[in-house]
Amino acid sequence: MRFVDRGAIVASYVGIGMAATIGVSFLLVIPIEPIYWLLTVPAGLLIGYYANQRSDRRAGPWGRILANGLFAAAVTAISLAILLAGVKALFFFADDGYRDASQGGSLSCRTGAACVMARYVDAGRGPELATAGVTDPSSFTSFYWNQQFSTMGTLVGVCLGSGLLGALAYGVTRPRDKVSRPAQAPGTPAG
């Protein structure tokens, strides 16, 4: 017995593609991370709705409609989180402190956590780090990844919630099968 329709499985692949497109667009090409976070909501809504539309779920139990939407949203959410983690890891471990001359030239630091920490301190976040108990690259690594995993958890939760809303929207607005009535003779009252 399947818990979701085949259309929801296809929709989950569409969700992976959507996550990849959003990730490449707003984490790599135009790195504006808050837009990535904001697009999680419409991504979940659309994929939750689309999973049922793709399944042509005109009738059937609400449980299946919700399962379809949640499944596709979960795959999309996990894809969004994995892409965010991958990009963060790339920039975290490969940071060599480079800045152009207009920002004062390169930072003097060891590649990786030390350079990322130097960027935080250079941006004026030193007091925040000190308050959090960050004193060296090792403690900064824990601090940084705890922040990132918290953000990824929030993204997953938001995408699942909006996927559920998308499934509910489909359930309320879904097309209904037309009930065929027997032909009536002309002049016969409808009953």
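Remember, it's a predicted structure, so these values are computed and weren't measured experimentally.

Cut-offs used in this document
Residues numbered from 1 in each chain as written. Predicted model: local features only at pLDDT ≥ 70, side-chain atom pairs only at ≥ 80, totals over all residues. Heavy atoms only, no water. Helix = DSSP H or I, 4+ residues; strand = E, 2+ residues; numbered from the N terminus. Rg over C-alpha atoms; globule rule 2.2 N^0.38 Å. Buried < 20%, exposed > 50% of the residue type's maximum accessible area, 1.4 Å probe, protein only. Contact = heavy atoms within 4.5 Å. Disulfide = S-S within 2.5 Å. Expected span 1.5 Å × (residues − 1). Core = buried A, V, L, I, M, F, W, Y, C linked by side-chain atoms within 4.5 Å. Phe/Tyr/Trp six-rings, centres within 6.5 Å; stacked < 30°, edge-to-face > 60°. Lys NZ or Arg CZ within 6 Å of the ring centre and 35° of its normal. Axes fitted to C-alpha atoms, helices over the stretch in contact; angles between N-to-C directions. Parallel < 35°, antiparallel > 145°, perpendicular 65-115°, else oblique. Nonpolar A, V, L, I, M, F, W, Y, C, P; charged D, E, K, R; others polar.

A.B. asks: It is not clear to me how the overall build of the protein should be interpreted in this structure. Could you clarify?
C.D. replies: The helix and strand inventory of the protein stands at six helices and zero strands. Along the protein, helices and strands appear, N-terminal first, in the series α-α-α-α-α-α. Taken against the 2.2 N^0.38 rule, which gives 16 Å for 191 residues, the C-alpha radius of gyration of the protein at 24 Å runs more than 25% over that of a compact globule. Along the first, second and third principal axes, the C-alpha set of the protein runs to 90 × 30 × 30 Å. Residues classed as buried in the protein amount to 34% of the 191 residues present. Counting only contacts in the protein whose residues sit at least 6 apart along the sequence, the fraction spanning at least 24 positions is 65%.

A.B. asks: What exactly am I supposed to notice about the side chain of Arg57 here?
C.D. replies: Following the sequence through the fold, Arg57 ends up in the loop between helix 3 (40-54) and helix 4 (62-94). Those residues in contact with Arg57, other than ones at most four positions away along the chain, are Asp5, Asn52, Arg64, Ile65, Asn68, Tyr170 and Arg174.

A.B. asks: Would you take a moment to explain the state of the cysteines for this structure?
C.D. replies: Simply put, the disulfide is a covalent bond whose two ends are the sulfur atoms of two cysteines. Following the criterion strictly, the structure yields one disulfide and no others. Each sulfur in the disulfide pair Cys109 and Cys115 lies 2.0 Å from the other. Linking Cys109 and Cys115, the disulfide has an S-S dihedral of approximately 105° and is accordingly described as right-handed. Of the residues examined, Cys109 reaches a relative accessible area of 25% and is grouped as partly exposed.

A.B. asks: I tried to follow helix 1 (residues 6-29) on my own but got confused; where do I start?
C.D. replies: Residues lying three or four places apart along an α-helix face the same way, a consequence of the helix completing one turn every 3.6 residues. Across its 24 residues, helix 1 extends 33 Å between first and last C-alpha, which sits within 8% of the 34 Å expected from 1.5 Å per residue. Those residues of helix 1 that sit buried are Gly7, Ala8, Ala11, Ser12, Gly15, Ala19, Ile22, Gly23 and Leu27. Here the buried face of helix 1 lies against helix 2 (33-38), helix 3 and helix 4.

A.B. asks: Would you explain the nonpolar core in this entry?
C.D. replies: Generally speaking, a soluble globular protein has its nonpolar side chains buried in company with each other. Ranked by size, the top nonpolar core spans 13 residues in total, and within it Leu27, Tyr36, Leu80 and Leu84 carry the most contacts. At the level of elements, helix 1, helix 4 and helix 6 (137-173) are the ones that each hand at least two residues to this core. Broken down by element, the residue count for this core peaks at five residues, all from helix 4. If we skip the residues at most four places from it in the chain, Tyr36 touches Ile22, Gly23, Phe26, Leu27, Leu80, Leu83, Leu84 and Leu155. If you look at the next biggest cluster of nonpolar residues, it comprises eleven residues, including Phe92, Ala113, Tyr120 and Tyr144.

A.B. asks: For this particular structure, what's the right way to read the packing of aromatic side chains?
C.D. replies: The description of an aromatic ring pair uses the distance of the two centres, along with the angle that the planes make with each other. Going through the model one piece at a time under the given rule, you end up with twelve aromatic pairs. An angle of 15° between the planes, with centres 6.4 Å apart, marks the rings of Phe92 and Phe140 as stacked. Highlighted residues: Phe92 in helix 4 and Phe140 in helix 6, separated in sequence by 48 residues. The same class applies to Phe92 as to Phe140, namely buried. Ring geometry for Phe92 versus Tyr144: centroids 4.7 Å apart, planes at 25°, classification stacked. Of the two residues, Phe92 is situated in helix 4 and Tyr144 in helix 6; the sequence distance between them amounts to 52 residues. Taken individually, Phe92 and Tyr144 each receive the classification buried, so the pair is uniform in this respect. The cationic tip of Arg174 hangs over the ring face of Trp62; the distance from NZ or CZ to the ring centre is 5.6 Å.

A.B. asks: I'm lost on the packing of helix 5 (residues 113-131) against helix 6 in this one. Help?
C.D. replies: Contact geometry of helix 5 with helix 6 gives a least axis separation of 11 Å together with a crossing angle of 80°. Taken together, the axes of helix 5 and helix 6 lie roughly perpendicular to each other. Only Pro137, Phe140, Thr141, Phe143, Tyr144 and Gln147 of helix 6 make contact with helix 5, whose side of the interface consists of Ala113, Ala114, Val116, Met117, Tyr120, Arg125, Glu128 and Leu129. Among the residues making up the contact of helix 5 with helix 6, the classes are represented as ten nonpolar, two polar and two charged.

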